[in-house]
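# Structure at a glance
One letter stands for each residue in the lines below.
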Amino acid sequence: MMEEEEPGTPHFQRLISDESVSSVQSSDSCDYHHTEIFAQLPSSLAHRQQQHDLHPDDEQRMLESSVPPQALLVCMKIKRHIHSERAERWQQKHPAGSWDSWRKKQQITRRHLKEHISQKLSGLLLWGHTLHKIQGRFGVGVKAYFVFLRYLLCLNVLYCVIIGGSVLTPTLMFSEKPVSNQTFGFKDIFVGSGVLEGSHSPVFHSFYARGSLDFPCMNIPILFLLGMMSVLLLSIIMVVRRTGVGYKHVWLTGNRFSSNLSYKVFCGWDFSIQNEKAAALKHTFISDDLKMDLEEQKFHEDVQKRTIKRWIQLILLRVVLNILVLLLLAGSFILIYYTITESHSQKYQNLDWIQSLLLEYLPPVTMTIVNYVLPHIFSEMSKFEDYSHATHLNLTLIRSIFLKLASLGIYLFFFIRSPDPKQKCPENAFGKEMYKLTVFNFLESFFSVFCVAYPRMLLVKRCLWLKQKLGLPQFDISSNVLDLVNSQTVTWVGVFYCPLLPAISAVRLLLLLYIKKFTLIHCCVRAQRIFRVASSSVLFHFTLMLGLFMSVIVLGVNINRFVPGGCGPFEGNRSVFNVTAQCVETLPAPAQSAISYVTSNAFAFALILAEMVILTSYMSRGRANSKAIERWKEMLVMCSSDKRFLAKKHNTMQRQKTPRNKHVQH
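## Some remarks on the overall build of the chain
Of the regular secondary structure elements, the chain holds 24 helices and zero strands. For the chain, buried positions account for 36% of its 666 residues. Of all intrachain contacts in the chain linking residues separated by at least 6 positions in sequence, the fraction that spans at least 24 positions is 77%. Approximately 41,000 Å² of the chain is accessible, and the part contributed by carbon and sulfur atoms is 63%.

Written out as structure tokens, the structure reads:
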């Protein structure tokens, strides 16, 4: 029950003055932390008094107030009572009809059903418990890698469903090709030759020729085109959406966002935990979060202490290191291009199958060695640039991204620039190269674990001097993420000419998940420095988006390069999109006019104008929201300063009042 204020008691209101703002920076503004002022503040007294029942007058005043129940300084039981009483009063004043009552019940039912379904679906996520344990043992950064791997696996499974339903199944049902009698060789698995390369295998482009399904608007070429366009459109939507959502989260919790450490210490624990393992994991999460906060604060303090001389030295050092990075990248690109030209040289003809296999895999091996060595060099170089741990990781990731995507671009540029004139089906030849890269990426991951990491772990455990010198490595997040981005880019580039490549990639990613889990648990140690994963996760998806755009560009170049179609569903056509001309001619005149307008320059111009208007409106809304957020942040800072000021005033008045009471008693 609230007590009435005495006449001599000061009435504390919100003070907006220069004194209240400057009180935050005063030396004695935090003296109340060491006093009993919190026990004497009106809010504390009210909180203790609300443990009992409210006075009827106070309860009536709260019921008639417009303050939401969650903003009242009362216990949860009283808040629920006030909420129910207000709802009953509102229903009495505004009696709802049967239709409104039924609609409201349906809304509540749909909301509860949606929450229930979302909870069930979240529980059905693959390897949820495993990822939770990985986060507890190795940090949130390693978990982000496995979440990213799971996302790519689900994406490739979705591609398999689309291609299987729109391309593979109709081709198998209406195919008129006889069964092949060609034998299957061991080398064919690694290079995609032999029975896999022929027109009787569904792996490559030449298998999907026009069969008995030959209607104007329902045939294999149109289904093939629609299926591949659906895969690319779905990829663009999902990758751009995932990147945008992550960027929005990083923007809201950016560099200026800081959480109170006391809040994490006193309010971060989940008291519903009853399992010892879950409690240990939660304890690890909180301690890692606190370590990241303290490390970031220490780094910012060190940055503030830098002198002008130190800044000049640091800038010069960074310029020199970036020039060295560019030289290393240029040298690696020259080496990759040289190995590609040598592997396709005509002077290596009379070789056995082992030498021929090694020669064909010479460019991927060179790319793998370069992509393995240089990121480690970049990581060691960035340590001298004196960045924070998160910036150090992101900078290494950006340099490695440029290295991997550029090396893949050089590889693709060679096949686009120098086609083999002896190839009867250049589409199959290009798909075979992407197939070889996918298989080699899996072999590289497999042998790096079971031929390098695992034997190293056994030697370190058995030899004490090796344990002191080498030790177990940490899980390299940037390198492993770039391997995923590189392999997924290869899948997007080659899916048009090797339609079963998403299925092969899905199997590879599934095996890779268990291989990396084995490596992490048995061959790696926990990182000593933990970093925030929000910005790096956005960078992961941004690199994936760059790989997707690179794939779209390569696909557009290849569509124009393979003219006329030598094999496959578009055989004999001047362009891939010519297969839709016969279908459009059979449509009614209004539909033909609409399609003609949609594909015209006038519609493209109107679409660009509409996009500009929409983007301008979104940018204006974003600026308005950012200004509103800044004002709210300023209001929170002002409220905090006012509370400190009022508490200090209250403490001062109590100190002045105590000697007077003692003097009166004497």
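On we go.
## Quick look at helix α5 (residues 76-93)
Relative to the 26 Å expected for 18 residues at 1.5 Å per residue, α5 spans 26 Å between its end C-alpha atoms, a close match to the ideal helical length. Buried within α5 we find I78, K79, I82 and R86. Across the axial projection of α5, the buried residues extend over an arc of 100°, all falling on one side. Facing away from the buried side of α5, by more than 90 degrees, are the exposed residues K77, R80 and Q92.

## Topic: the environment of L358
Tracing the backbone through its elements, the reader meets L358 in helix α14 (residues 353-360). Sequence separation between L358 and S343 is 15 residues, and the spatial gap between their C-alpha atoms is 9.2 Å.

## Quick word on the pattern of salt bridges
Taken as a whole and judged by the stated rule, the model has four salt bridges. Between K404 and D483 there is a salt bridge whose closest N-O contact spans 2.1 Å. Taken together, the residues span a long stretch of sequence, with K404 in helix α16 (residues 389-417) and D483 in helix α19 (residues 477-494) at a distance of 79 residues. A relative accessible area of 6% means that K404 is categorised as buried. With a relative accessible area of 25%, D483 lands in the partly exposed category. Residues E433 and K436 are paired through a salt bridge, measuring 3.3 Å at the closest nitrogen-oxygen approach. Taken together, the positions of E433 and K436, both in helix α17 (residues 426-462) and three residues apart, correspond to about one turn of that helix. For K436, a relative accessible area of 4% translates into the label buried.

## Structural notes on the nonpolar core
With 94 residues, the main nonpolar core has F146 and M434 as its most contacted residues. With 13 residues, the single largest contributor to this core is helix α8 (residues 140-174). Excluding residues that lie within four positions of it along the chain, M434 makes contacts with Y411, L412, V490, V493, G494 and L501.

## Overview of the packing of α16 against α19
Close contact between α16 and α19 brings their axes to 10 Å; oriented N to C, the two are set at 30°. By the angle between their axes, α16 is roughly parallel relative to α19. Read as a crossing pair, α16 and α19 show a hand that is right-handed. In this structure, α16 contributes L393, T396, L397, S400, I401, K404, L405, L408 and L412 to the contact, and α19 contributes S478, S479, L482, D483, N486, T489, V490 and V493.

## Examining the side chain of S235
As for its placement among the helices and strands, S235 is situated in helix α10 (residues 220-252). When its relative accessible area of 0% is taken as the criterion, S235 is described as buried. Setting aside its immediate chain neighbours within four residues, S235 contacts Y159, W492 and L548.

## Some details on the confidence of the model for the chain
Per-residue pLDDT for the chain has a mean of 75; in total, 77% of the residues score no lower than 70. Predicted confidence for residues 1-52 stays below pLDDT 50, and this span has 66 contacts to residues more than four positions away or in other chains.

## Overview of a nonpolar patch on the surface
The grouping of W311, I315, V319, I323, L324 and L327 at the surface amounts to a nonpolar patch, some 550 Å² of accessible area in total. Looking at the secondary structure, you find L324 in helix α13 (residues 308-343). Accessibility expressed as a relative area gives 39% for L324, which makes it partly exposed.

## Digging into the packing of aromatic side chains
Under the counting rule described, the total for this entry stands at 16 aromatic pairs. Geometrically, the ring pair formed by F442 and F446 is tilted, given 6.4 Å between the ring centres and 35° between the ring planes. Here F442 pairs with F446, and both are found in helix α17, just four residues apart, close to one helical turn. The exposure class assigned to F442 is partly exposed, which follows from its relative accessible area of 22%. Feature note: the residues F207, Y208, F224, F430, F496 and Y497 constitute an aromatic cluster, connected by ring pairs. A cation sits over an aromatic face here: R242 above Y151, 4.2 Å from the ring centre. A cation over an aromatic ring shows up here: R621 above the ring of Y618, its NZ or CZ 5.4 Å from the ring centre.

## Thoughts on the environment of L359
Here L359 is to be found in helix α14. The exposure class of L359 is buried, given its relative accessible area of 16%. In sequence terms L359 and T339 are 20 residues apart; their C-alpha atoms lie 9.4 Å from each other.

## A closer look at the packing of α13 against helix α15 (residues 362-383)
At a minimum axis distance of 9 Å, the contact between α13 and α15 shows a crossing angle of 170°. Looking at the two axes, α13 sits roughly antiparallel to α15. When α13 is examined against α15, the residues L321, L324, V325, L328, L329, S332, L335, I336, T339, I340 and S343 are found in contact with a partner set consisting of L362, P363, T366, M367, V370, L374, I377, F378 and M381. Across the contact of α13 with α15, the residue classes break down as 16 nonpolar, four polar and no charged.

## Quick look at the side chain of S332
Note on placement: S332 falls in helix α13. Of the polar contacts made by the side chain of S332, one reaches the backbone oxygen of L329; its length is 2.6 Å. Those residues in contact with S332 that lie beyond four places of it in its chain are V370, L374 and L403.

## Some thoughts on the environment of V439
Relative to the helices and strands, V439 resides in helix α17. On the accessibility criterion, V439 (14% relative accessible area) is buried. Taking the C-alpha atoms as reference points, V439 and S487, separated by 48 residues in sequence, lie 9.7 Å from one another.

What counts as what
- As a convention, each chain's residues are numbered from 1 in the sequence order in which they are written.
- In keeping with the predicted nature of the model, local features appear solely for residues at pLDDT of at least 70, side-chain atom pairs appear and are counted solely at 80 or more, and the whole-chain, interface and lining totals rest on all residues.
- Calculation of side-chain values draws on the structure's entire complement of heavy atoms; hydrogens and water are dropped beforehand.
- Helix numbering and strand numbering both begin at the N terminus, where a helix is a DSSP run of H or I of at least 4 residues and a strand a DSSP run of E of at least 2.
- In this scheme, a residue with accessible area under 20% of its type's maximum is buried, one over 50% is exposed, and one in between is partly exposed, where area comes from a 1.4 Å probe on protein chains only.
- Contact definition: two residues touch when any of their heavy atoms are within 4.5 Å.
- Values of accessible area rely on a 1.4 Å probe in the Shrake-Rupley scheme; residue burial ignores everything except the protein chains shown.
- In a helix, the anticipated span is given by 1.5 Å times the number of residues less one.
- Taking the helix axis as origin, the arc is that swept by the directions to the C-beta atoms.
- One speaks of a salt bridge when a side-chain nitrogen belonging to Lys or Arg is within 4 Å of a carboxyl oxygen belonging to Asp or Glu.
- What makes a nonpolar core is a set of buried Ala, Val, Leu, Ile, Met, Phe, Trp, Tyr and Cys residues whose side-chain atoms join them at distances within 4.5 Å.
- Here an angle of 0 to 180 degrees is reported between the N-to-C directions of two axes, which are lines fitted to C-alpha atoms, with helices fitted over the stretch in contact.
- To sort the angles, those under 35 degrees are grouped as roughly parallel, those over 145 as roughly antiparallel, those from 65 to 115 as roughly perpendicular, and the leftovers as oblique.
- By definition, turning the near helix anticlockwise from the far helix through less than a right angle yields a left-handed crossing, and turning it clockwise yields a right-handed one.
- Along the chain, pLDDT gives the predictor's confidence residue by residue, from 0 to 100.
- What makes a patch is a set of residues exposed beyond 30% relative accessible area and free of salt bridges, joined within 9 Å when like-charged and within 5 Å when nonpolar (Val, Leu, Ile, Met, Phe, Trp, Tyr).
- The aromatic pairing rule takes the rings of Phe, Tyr and Trp, using the six-membered ring of Trp, and pairs them if the centres are within 6.5 Å, calling planes under 30 degrees apart stacked, those over 60 edge-to-face and the rest tilted.
- When the NZ atom of lysine or the CZ atom of arginine is within 6 Å of a ring's centre and also within 35 degrees of its normal, the charge is said to sit over that ring.
- Residue classes follow a fixed rule: Ala, Val, Leu, Ile, Met, Phe, Trp, Tyr, Cys and Pro count as nonpolar, while Asp, Glu, Lys and Arg count as charged, and any other residue, Gly among them, counts as polar.
- Within 3.5 Å is the distance limit for a polar contact, defined as a pair of N or O atoms, with the added protein rule that one can donate a hydrogen and the other accept it, and that residues adjacent in sequence qualify only through two side-chain atoms.

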